[in-house]
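Structural characterization, general
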Amino acid sequence: MADRTTSSITIGADRASIMTVIADFPAYPEWAGQVKSASVLDTGAEGRPSRVRFVLDAGVISDDYVLGYDWSNDAAVSWHVVEAGKMVSGLNGSYRLAETAGGTEVTYELAVDLKVPMIGMIKRKAEKVIIDTALKGLKKRVEGR
């Protein structure tokens, strides 16, 4: 897996409220800009999704793939590709949540590997756009509830 892109945002809510929104994959098209659909395929023992099929349209990266999820209570969730798409060969990421005085700091880390060659700088810019859009959308969704 190549270099990772990371960004953080503070959300005025507790970790459990934020994780509830993160785990509600079918609602992603309403707030996660590039996600056109997300379907839960399997649920883990803790009741949270363990495999999710995504249809993504992020301009340069447009694909359909399945991610596997590992949940650490309300502190973190990480994911990885379990079924690659036509363009996406690898996609590893995580949300880490830490309580702060002003709410919860959410850190999103992402690394994308593509089957097609792409200049590293352009790929990192695409990762940054995906992360920033997701964090802003997550904040708006959680705080608007």
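Read on for a plain summary of the structure. Residue positions are given per chain, counting from 1 as you read along its sequence in written order. Local features in a predicted model are, by the rule used here, given only for residues with pLDDT of at least 70; side-chain atom pairs are given and counted only at 80 or more, and totals for whole chains, interfaces and linings are based on all residues. With hydrogens and water stripped out, all remaining heavy atoms of the structure feed into the side-chain values.

Before going further, it helps to spend a moment on the environment of Ala 76. Strands are runs of DSSP state E lasting at least 2 residues, helices are runs of H or I lasting at least 4, and numbering of each runs from the N terminus. Looking at where Ala 76 falls in the secondary structure, it is placed in strand β5 (residues 76-83). Accessibility expressed as a relative area gives 17% for Ala 76, which makes it buried. Once the C-alpha coordinates of Ala 76 and Ser 17 are considered, the two residues, 59 residues apart in sequence, prove to be 13 Å apart. Contacts are residue-level and defined by heavy atoms, with any inter-residue pair within 4.5 Å sufficient. Leaving out residues up to four positions away in the same chain, Ala 76 has contacts with Met 19, Asp 70, Trp 71, Tyr 95 and Arg 96. Each residue is placed in one exposure class: buried if its accessible area under a 1.4 Å probe, protein chains only, is under 20% of its type's maximum, exposed if it is over 50%, and partly exposed if it falls in between.

What follows covers the pairing of strand β6 (residues 88-100). Looking at chain direction, β5 and β6 are connected through four bridges and run antiparallel. By the bridge assignment for β6, Trp 79 is matched with Gly 93. Any two strands with at least two DSSP bridges between them are considered paired. Joining the antiparallel neighbours β5 and β6 is a turn of four residues. Relative to strand β7 (residues 103-114), β6 is paired through 12 bridges, and the arrangement is antiparallel. Residue pairing for β7: Ser 94 is matched across the bridge by Glu 109. Count of turn residues in the β6/β7 antiparallel hairpin: two residues.

Right, let's talk about the packing of aromatic side chains for a bit. Each aromatic pair joins two rings of Phe, Tyr and Trp (for Trp, the six-membered one) with centres within 6.5 Å, and gets the label stacked for planes under 30 degrees apart, edge-to-face for over 60, and tilted for any other angle. Counted under the stated rule, the structure contains 12 aromatic pairs. Residues Phe 25 and Tyr 28 carry aromatic rings whose centres are separated by 4.9 Å and whose planes lie at 35° to one another, so their mutual orientation is tilted. Of the two residues examined, Phe 25 and Tyr 28, each falls in the buried class. When the centroid spacing of 6.0 Å and the interplanar angle of 25° are considered together, the rings of Phe 54 and Tyr 65 count as stacked. Of this pair, Phe 54 sits in strand β3 (residues 49-58) while Tyr 65 is found in strand β4 (residues 61-72), placing the two residues 11 residues apart along the sequence.

A separate point is the pattern of salt bridges. By definition here, a salt bridge exists when the distance from a side-chain nitrogen of Lys or Arg to a carboxyl oxygen of Asp or Glu is within 4 Å. Evaluated as defined, the whole model comprises 10 salt bridges. Residue Arg 53 is joined to Asp 64 by a salt bridge in which the shortest nitrogen-to-oxygen separation is 3.0 Å. Taken as a pair, Arg 53 in strand β3 and Asp 64 in strand β4 lie far apart in primary sequence, 11 residues in all. On the basis of relative accessible area, Arg 53 is assigned to the partly exposed category, the value being 30%. Exposure remark for Asp 64: the relative accessible area of 35% places this residue in the partly exposed category. Put simply, Arg 96 and Glu 109 hold a salt bridge, and the shortest N to O gap is 3.9 Å. With Arg 96 in strand β6 and Glu 109 in strand β7, this residue pair connects regions lying 13 residues apart in the sequence. Residues participating in the shared-partner salt-bridge network are Asp 42, Arg 51, Arg 53, Asp 64 and Glu 83.

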